Amino acid sequence: MNMVDHSMSDIWPEELRVSQDRKTLSVTFNNGHNYSFPAEMLRVLSPSAEVQGHSPEQRVTVPGKINVGIMKIDPVGNYAVRISFDDMHDTGLFTWIYLHQLGEEYETRWQGYLDELKEKNLSREPKFH
């Protein structure tokens, strides 16, 4: 059952780099894979309980994050990073496995998010009150 976990545990990032404009995180893994993640994607697909809920039914579609930036990245042990966003969200722990999966499934996950927004009549643009 845990075969995937064992093979994935050998994958870790050799470099994490936040772009100068704070809008992109680039990750280079030891297996040669290289991914660039928009801050917006990382924020709306954050592995935090606040976004994911405690079951698939509780998962939240987070709108209005097109302008979000990355404030800082803090290592958590040798298995993850905590990403702090400029909207003050900082509860998601991005494990190496999760980041690698996001990279591998980038198109599918991003399209899924865009479809959810449309379904729920939400926007990537922030709402101003």
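Residues numbered from 1 in each chain as written. Predicted model: local features only at pLDDT ≥ 70, side-chain atom pairs only at ≥ 80, totals over all residues. Heavy atoms only, no water.

Considerations on the sheet that holds strand β5 (residues 80–85)
Sheet architecture is open: 3 strands sit in the order β4-β5-β6, paired in antiparallel fashion. This sheet does not close on itself; its edge strands, each paired only once, are β4 (70–76) and β6 (93–95). This sheet shows a mean twist of 30 degrees between the axes of neighbouring strands, independent of strand direction. One ladder, built from 3 bridges, connects β5 with β6; its direction is antiparallel. Bridging across to β6, V81 finds its partner in F94. Those strands touched by helix α4 (residues 96–104) are β5 and β6, and its axis lies near 75 degrees from that of β6. (Pairing = 2+ DSSP bridges. Helix = DSSP H or I, 4+ residues; strand = E, 2+ residues; numbered from the N terminus. Axes fitted to C-alpha atoms, helices over the stretch in contact; angles between N-to-C directions. Contact = heavy atoms within 4.5 Å.)

With respect to the pattern of salt bridges
In this structure the tally under the stated criterion is 8 salt bridges. Across the pair D87 and K65 runs a salt bridge whose closest N-O atoms are separated by 2.7 Å. One end of the pair, D87, is in the loop between β5 and β6; the other, K65, is in the loop between α3 (49–52) and β4, and 22 residues separate them in sequence. By relative accessible area, D87 is classed as partly exposed at 26%. Where D74 meets K72, a salt bridge forms, and the shortest distance between an N and an O atom there is 3.5 Å. (Salt bridge = Lys/Arg side-chain N within 4 Å of Asp/Glu carboxyl O. Buried < 20%, exposed > 50% of the residue type's maximum accessible area, 1.4 Å probe, protein only.)

Digging into the UniProt feature "domain: Gamma-butyrobetaine hydroxylase-like N-terminal" (unreviewed entry) in the protein
As recorded in UniProt, the feature "domain: Gamma-butyrobetaine hydroxylase-like N-terminal" (unreviewed entry) lies at residues 17–100. What you have in residues 17–100 is 18% helix and 35% strand, and the ends, taken at the C-alpha atoms, are 15 Å apart. (UniProt positions renumbered as here; feature names shortened; annotations may be inferred.)

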